[in-house]
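Here are the chains, one letter per residue:
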There are 2 protein chains.
Amino acid sequence: MGVKSIVTNIKDVAKYLGISVSTVSRALNHYPDVSPITKNQVMDAVEHLNYRPNAVAKGLIQKKTFTVGLMIPDISDPICSLLAASVEKSFSDQGYQVVYGSTHRDPAKEKQFILNAISRQFDGLILTPDVLDEELVSLLSDLRMPVVFLQRRTPEGLNAPFVDVDHYHAASAAVRNLITRGHQRIGFIAMPASSFTGSERKRGYLDTMSAYGLMPEMMGMVEGGRTIEQGRTAMAELYQRCPGLTAVFAANDLLAVGALEWLHQQHMNVPGQISVIGFDNLEHAALHWTQLTTMEQPTEEMGRKCALAMLRMMRDPKQLPVSELIEAKLIERGSVLNLNAIPVYTMN
Amino acid sequence: MGVKSIVTNIKDVAKYLGISVSTVSRALNHYPDVSPITKNQVMDAVEHLNYRPNAVAKGLIQKKTFTVGLMIPDISDPICSLLAASVEKSFSDQGYQVVYGSTHRDPAKEKQFILNAISRQFDGLILTPDVLDEELVSLLSDLRMPVVFLQRRTPEGLNAPFVDVDHYHAASAAVRNLITRGHQRIGFIAMPASSFTGSERKRGYLDTMSAYGLMPEMMGMVEGGRTIEQGRTAMAELYQRCPGLTAVFAANDLLAVGALEWLHQQHMNVPGQISVIGFDNLEHAALHWTQLTTMEQPTEEMGRKCALAMLRMMRDPKQLPVSELIEAKLIERGSVLNLNAIPVYTMN
DNA sequence: CTGAAAGCGCTTACAG
DNA sequence: CTGAAAGCGCTTACAG
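Residues numbered from 1 in each chain as written. Chains lettered and ligands numbered in written order. Predicted model: local features only at pLDDT ≥ 70, side-chain atom pairs only at ≥ 80, totals over all residues. Heavy atoms only, no water.

- Chain A is annotated in an unreviewed UniProt entry as LacI family DNA-binding transcriptional regulator from Paenibacillus chibensis.

Printed below as a string of structure tokens:
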């Protein structure tokens, strides 16, 4: 395949053409003050020698690596990977590489990732920390690198925008959906107390229940977790404690699916005997057997807006973009019964 | 927070202590020939000045970036993200950063990613290309960078190890599972013809059927795709063409789930009237409603072995590690009926 | 329009 | 045990 050596650098190209390294550099970077003839020669030589510019050297001198870090709890979580895919898409269109780091909600790994990002001179950092201890906050506050929080809110003392779903409002909408359809005894399966997202949804549930004057005895709460398995056991516990519930709001879809599984195993008809509403709109929710009514997190939009905010900050570090609080969207399927209507489901 | 300036480099540390840059560097890198006193002073100064070594500069001079690229079709595909999580885990333990690129099976993006990896001086490349055209093969053959193929086989003309599941053998095992249980009329829902994985599984189906003397009229094949939706329509088509089938082998779990959905909508009992076996062992397969018998891809093991092979090649570029062909594992659940046993299911 | 030179922030022989 | 110097592969004022 011609004269290509194992590895070529800009010096080789210059030597090959008998011109200076600076001219080659300017031609390569499309500077306007290079003669068209020279530019063509350079392009041909690059082709011929199979030269590929060294981005590391370029990054060192320009102090720009075209890399942004994306810290996520777990890449194999469906919401995370959807978010990641959207962020990546927006950035790769602009020539940026995005580097993920799965932290598994471990503060030590979160710190490791941020330190790494500093060392490696990333141009920006997108963070989804679960708990941000004081040490990390102070680390971030000294950072001269744009930061945006994704699916989180900006911690106290930091000055960075966030992009998140309005979990509180969405949870409230979910509960109102049930109440509007005549439900009063509504249970809640919570995510871990440490989860910000989870506590917002819980707040939405509680506030909405009391706003409608539904007394504590109408409620029933149990801490589930995040997984299908946890949803199953949570539903069992919830039902045992509050057998009179007509509806359950599960703080995420996986919990809701677990709840549905348990109910089905107990031969309880959904929504005939009990209604279920979830949160996330995972693929699971659309399955024929679940037909789960749920609040959709618009992951594509979130990733895109997050990337946009970051791109804007990288262009102009002076002014912060405003944070985005995105509305979740109600996706109605078959898991909620309208108690006010003539029942169309046969109880058995 | 003390005397930390916006950004510190090794020169600042040296100046602060009144010693040379080279001594600081040696202390930082734990060279043995640095006096303990000096080393302590350096460590304290680093702490005090909040110095973080610039990995870009280090990478430039050492020609090692501690970065490996992982090219995958789509990070939001469950198998891909599981594989990615496992690869990432193995590498991050060793101080490597892994950079994903979702190519969406687009050769242009695949090329883009490889070019990018060259520019950015990655230390290694893990590839899962769907189609590798001649141009890409020649690009890779000139590469002085370790490459391992994951969930693929090494293309003709390239000299790199691969780590993959033995799809052919596993598909054969799936079909034998059905045959052993008395099934003879076995249908197949295929993945796209362009998929290597898919054609291996198809080959396994076909060869096993004929090995058992099950004539073409016992078979029924239809090209599904990859998704639940495609599984649904494929099952409809398959049933229409071959109503006498007693079992169906779906080339992946998503197709199998779609098939199950369609069968259930048609009020056909699984496994009472028709058995279904899948491939992948996704979370979907364990759902209460599906209880899908399937072949598990050991993603954790694959990712780990792939990382190990890469690490070995980076250590000693001379000798190639041998490729790994990993056995899939049969996961028996409730979607396959044993026709030889006394039927425990009531037909309705 | 082009070239020589300095420099990005490190590491690494080489001398002492 | 320590320091001065060269150099990794680029870019970018500066001069001409």
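1. Regarding the domain arrangement of chain A
Part 1: Domain annotation for chain A reports domain 1 (10-53), domain 2 (64-165 + 299-327) and domain 3 (167-297).
Part 2: Each of domain 1 of chain A and domain 2 of chain A has a C-alpha centre, and these two points are 37 Å apart. (Domains from an automatic or database assignment.)

2. Describing the sheet that holds strand β11 (residues 324-326) of chain A
Residue and element names in this part refer to chain A.
Part 1: Read across the open sheet, the six strands follow the order β2-β1-β3-β4-β5-β11; overall the sheet is parallel. Strands at the two margins of the open sheet, each flanked by one partner only, are β2 (97-102) and β11. In this sheet, neighbouring strand axes are inclined to one another by 15 degrees on average, regardless of whether the strands run parallel or antiparallel.
Part 2: Two elements, strand β3 (residues 124-127) and strand β4 (residues 147-150), share three bridges in a ladder whose sense is parallel. The residue of β4 that forms the bridge with Leu125 is Val147. (Pairing = 2+ DSSP bridges. Helix = DSSP H or I, 4+ residues; strand = E, 2+ residues; numbered from the N terminus. Axes fitted to C-alpha atoms, helices over the stretch in contact; angles between N-to-C directions.)

3. Notes on the protein's contact with DNA strand C
Part 1: Among the 30 residues in the neighbourhood of DNA strand C, the closest are listed as A:Thr38, A:Ile61, B:Ile10, B:Ser25 and B:Tyr31.
Part 2: Expressed as a percentage, the sugar and phosphate content of the atoms of DNA strand C within 4 Å of the protein is 64%.
Part 3: In the model, a phosphate oxygen of DNA strand C is placed 3.2 Å from a nitrogen or oxygen of the B:Asn29 side chain.
Part 4: Between a phosphate oxygen of DNA strand C and a main-chain N or O atom of B:Asn54, the distance comes to 3.1 Å. (Near = heavy atom within 4 Å. Polar contact = N/O pair within 3.5 Å; in protein donor to acceptor, adjacent residues only side chain to side chain.)

4. Side note on the pattern of salt bridges
Any two side chains of opposite charge can pair, on the condition that their charged atoms come close.
Part 1: Taken as a whole, this structure holds 28 salt bridges over all chains when the rule is applied.
Part 2: A salt bridge links B:Asp164 to B:Arg153, with the nearest nitrogen and oxygen atoms 2.9 Å apart. Pair noted here: B:Asp164 is in strand β5 (residues 162-165) and B:Arg153 is in the loop between β4 (147-150) and β5, with a separation of eleven residues, a long-range link.
Part 3: With relative accessibility at 22%, the residue B:Arg153 sits in the partly exposed group.
Part 4: A salt bridge links B:Asp280 to B:Arg201, with the shortest nitrogen-to-oxygen separation between them at 3.8 Å. Residue B:Asp280 is found in strand β9 (residues 275-280), and its partner B:Arg201 is found in helix α9 (residues 196-211); the two are separated by 79 residues along the sequence.
Part 5: Shared partners join several salt bridges into a network, and the residues in it are A:Glu229, A:Arg232 and A:Glu261. (Salt bridge = Lys/Arg side-chain N within 4 Å of Asp/Glu carboxyl O. Buried < 20%, exposed > 50% of the residue type's maximum accessible area, 1.4 Å probe, protein only.)

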